[in-house]
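Overview (structure and organization)
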Amino acid sequence: MTIFPALEIPNTLAAGPGPGNTDPRVLERLCKTGVADHMQADVVRGMIEAKQMLREVWGTKNTYTYGVAGTGFSGLDCVFSLILPGDKVVAFVNGTFSGIDGQAIRMKASSIQDLAADPLNPKPANVTVVNVPHGQSVTGEIVDAELAKHKPMWAFMAHWETGSGRVNDLKGFNDACAKHGVMGIVDAVSSLGVADFSIDDYPAIVAWASCPQKGVLSLPLTYAPVSFRDEAINLLARRGCYTYVHHPILEARHWGIVDGQDAAAVYHRTHSSYAVAAFHEALRILLTHTVKQKAADYAYHEAALKQAVQAMGCEVTSNMTSLVVLNLPGNLAGKEKELVTKCRAEGFAIWTTLSEPVQIRIGILNQLTVEAISDIIGRFVDAMINMGADIDKEAVMQGLNAYYTG
Ligand SMILES: *Cc1c(COP(=O)(O)O)cnc(C)c1O
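Below you will find a few notes about this structure. (Residues numbered from 1 in each chain as written. Predicted model: local features only at pLDDT ≥ 70, side-chain atom pairs only at ≥ 80, totals over all residues. Heavy atoms only, no water.)

Another aspect to go through is the packing of helix H2 (residues 41-57) against helix H10 (residues 273-289). Interaxial distance between H2 and H10 falls to 9 Å at its minimum, and their mutual angle equals 30°. In terms of orientation, H2 lies roughly parallel with respect to H10. For the element pair H2 and H10, the recorded crossing hand is left-handed. Two secondary-structure elements touch here, H2 through Val43, Gly46, Met47, Glu49, Ala50, Met53, Leu54, Glu56 and Val57 and H10 through Ser273, Val276, Phe279, His280, Leu283, Arg284, Leu286 and Leu287. (Axes fitted to C-alpha atoms, helices over the stretch in contact; angles between N-to-C directions. Helix = DSSP H or I, 4+ residues; strand = E, 2+ residues; numbered from the N terminus. Parallel < 35°, antiparallel > 145°, perpendicular 65-115°, else oblique. Left-handed = near helix turned anticlockwise from the far one by under 90°. Contact = heavy atoms within 4.5 Å.)

Now the structure itself:
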């Protein structure tokens, strides 16, 4: 038998699409929280307060707004459980994550025969996947045309596609869903806590899912926010779905949501006092900063990063404000993976894209200071120079300084 030494994990500069750098206050809540069971009064109170703060952060009166234990895909699994075998769905895909969402949707909408035909990647005829090329956004016109053509029950889109760094048209998606009488489902994993938007402005979108570790900045495995309009919950109450743990109605009970009302919490599964306290603190931090100010800060600092990498000769193809997706200049093209591997080995954790084409992704989650952005840019310039790029580092840093002081 082997007992390994205690696991030491270094602190890296998380400058990718996610997770973001966890706020020390969130970690402090995690460590300073006592052991208490999942029905202890303060744990339950923390969940109920978190639910209320989450409604505020997300701009919604939806009663069914709470957290699903786990990661972004846990929350997405909960919202996709609304979809039953045979349901007609149109899913818009423009990158890695919406691609995986499309796969998850195809699994949910499959019959037993569809699953048997291709168990890991079923292709039921009732699901249409509309592929929008990498680097482009899903527009309202595309959604309108496809919904008019297919007349589905459900439509799906990612708000911000982190694979390609593209912002998709939320209003266009909502309006097309409303026009064609379709229920919208949105992956807001990357946008919650970064973009300034309110769920209640998009009434045709009946289910939303996000994640703990991107804009909400509560990595220590906490909660994936979800929110459902009553139409979705009422449909679910009539039809049911094939999950206990991620059942949108049953899971909500532990957050004090019972029979469509805020009520006393009912056991659903064991929640961690540590996770509840960390998530609660992350929401407090976000509300104190305000979603509006946070969104403005991301836009301001992303513009600095974008301008600096363009000054290095990189071509930026993204339009998200938490992430820059870029092509290296001609003489370094094809060396993206090598460059990223070298940076990561030095604790500068940037990423390539996970699906074709190969591009570099640099993120700024919770890096909203001049010092943090300068550090990221300084390290990236050094890495490019080490790979043979002919860049005047001083000029790049001066340009950055000019942006911030100008
Ligand atoms: C990160 C991400 C996911 C997956 O989230 P996990 O926390 O890794 O499960 C899904 N969708 C989008 C748009 C994302 O950015």
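The rest of the description comes next.
It is worth spelling out the sheet that holds strand E13 (residues 315-316) at this point. The four strands lie next to each other as E13-E14-E17-E16, forming an open sheet whose pairing is antiparallel. Because the sheet does not close on itself, it has two edges, and the strands there are E13 and strand E16 (351-352). Bridge count between strand E14 (residues 323-327) and strand E17 (residues 360-363): four bridges; the pairing is antiparallel. The residue of E17 that forms the bridge with Leu323 is Gly363. Running at roughly 15° to E14, helix H11 (residues 291-311) makes contact with E13, E14 and E17 of the sheet. (Pairing = 2+ DSSP bridges.)

Attention now moves to the nonpolar core. Met312 and Phe380 are the most contacted members of the largest nonpolar core, which totals 121 residues. For this core, the leading source of residues is H10, giving eight residues. Mapping this core onto the domain boundaries places at least three of its residues in each of domain 1 (24-287) and domain 2 (291-405). Discounting residues that sit within four places of it in the chain, Met312 has contacts with Pro329, Ile377, Phe380, Val381, Met384, Ile391 and Val396. (Core = buried A, V, L, I, M, F, W, Y, C linked by side-chain atoms within 4.5 Å. Buried < 20%, exposed > 50% of the residue type's maximum accessible area, 1.4 Å probe, protein only. Domains from an automatic or database assignment.)

Here the largest pocket defines a volume of roughly 380 Å³. Asn11, Gly20, Asn21, Thr22 and Leu219 are, among the 17 residues lining the largest pocket, the residues nearest its centre. Taken together, the elements giving at least two residues each to the lining of the largest pocket come down to strand E1 (13-14) and helix H1 (24-32). Of the residues belonging to the lining of the largest pocket, the class tally is ten nonpolar, seven polar and no charged. In this structure, the second largest pocket spans a volume of roughly 280 Å³. Lining the second largest pocket are 21 residues, with Phe73, Phe97, Val189, Gln213 and Lys214 positioned closest to its centre. Counting only elements with at least two residues in the lining of the second largest pocket, the list comes to helix H3 (72-80) and strand E6 (160-161). A total of three residues in the lining of the second largest pocket trace back to one element, the largest contributor, which is H3. (1 Å grid on protein atoms, 1.4 Å probe; cavity = no way out; pocket = protein on both sides within 12 Å on 5 of 7 lines; lining within 4 Å. Points joined across faces, edges and corners; volume = space filled by probe spheres on them. Nonpolar A, V, L, I, M, F, W, Y, C, P; charged D, E, K, R; others polar.)

Turning next to the site of the ligand. Near the ligand, the surroundings consist of Thr71, Gly72, Phe73, Leu76, Phe97, Trp160, Thr162, Asp187, Val189, Ser190, Gln213 and Lys214. At a separation of 2.3 Å, an oxygen atom of the ligand approaches a polar side-chain atom of Thr162. Across the complex, the protein chains shield 90% of the 390 Å² of accessible surface that the ligand would expose by itself. No other element matches the three residues that H3 contributes to the shell around the ligand. (Near = heavy atom within 4 Å. Polar contact = N/O pair within 3.5 Å; in protein donor to acceptor, adjacent residues only side chain to side chain. Areas by Shrake-Rupley, 256 points an atom, 1.4 Å probe, with all protein chains shown as cover.)

Reading across the sheet, the seven strands line up as E2-E10-E9-E8-E5-E3-E4 and stay open at both edges, with mixed pairing between neighbours. The outermost strands of the open sheet, each flanked by one partner alone, are strand E2 (64-69) and strand E4 (127-131). Along the sheet, successive strands turn relative to each other by an average axial angle of 15°, direction set aside. As paired elements, strand E9 (residues 205-209) and strand E10 (residues 223-228) share three bridges and run antiparallel to each other. Bridge pairing in E10 places Trp208 opposite Ser227. Along the sheet face, helix H4 (residues 96-108) touches strand E3 (89-93), E4, strand E5 (154-158) and strand E8 (183-187) and points at about 160° away from the line of E3.

Scanning the model with the defined rule gives 13 aromatic pairs in all. Centroid distance Trp58 to Trp208: 6.5 Å. Interplanar angle 65°. Geometry classified as edge-to-face. Note that Trp58 is positioned in the loop between H2 and E2 and Trp208 in strand E9, a separation of 150 residues in sequence. For Trp58, a relative accessible area of 0% translates into the label buried. An aromatic cluster is present here, built from Tyr66, Tyr223, Phe228, Trp255 and Phe279 joined pairwise through their rings. (Phe/Tyr/Trp six-rings, centres within 6.5 Å; stacked < 30°, edge-to-face > 60°.)

On to the pairing of E9, then. The buried count for E9 comes to five of five residues, which makes it a mostly enclosed element. Pairing between E8 and E9: four bridges, direction parallel. Directly across from Gly184, in E9, lies its bridge partner Ile205.

In short, shape yes, function no, at least from these values alone.
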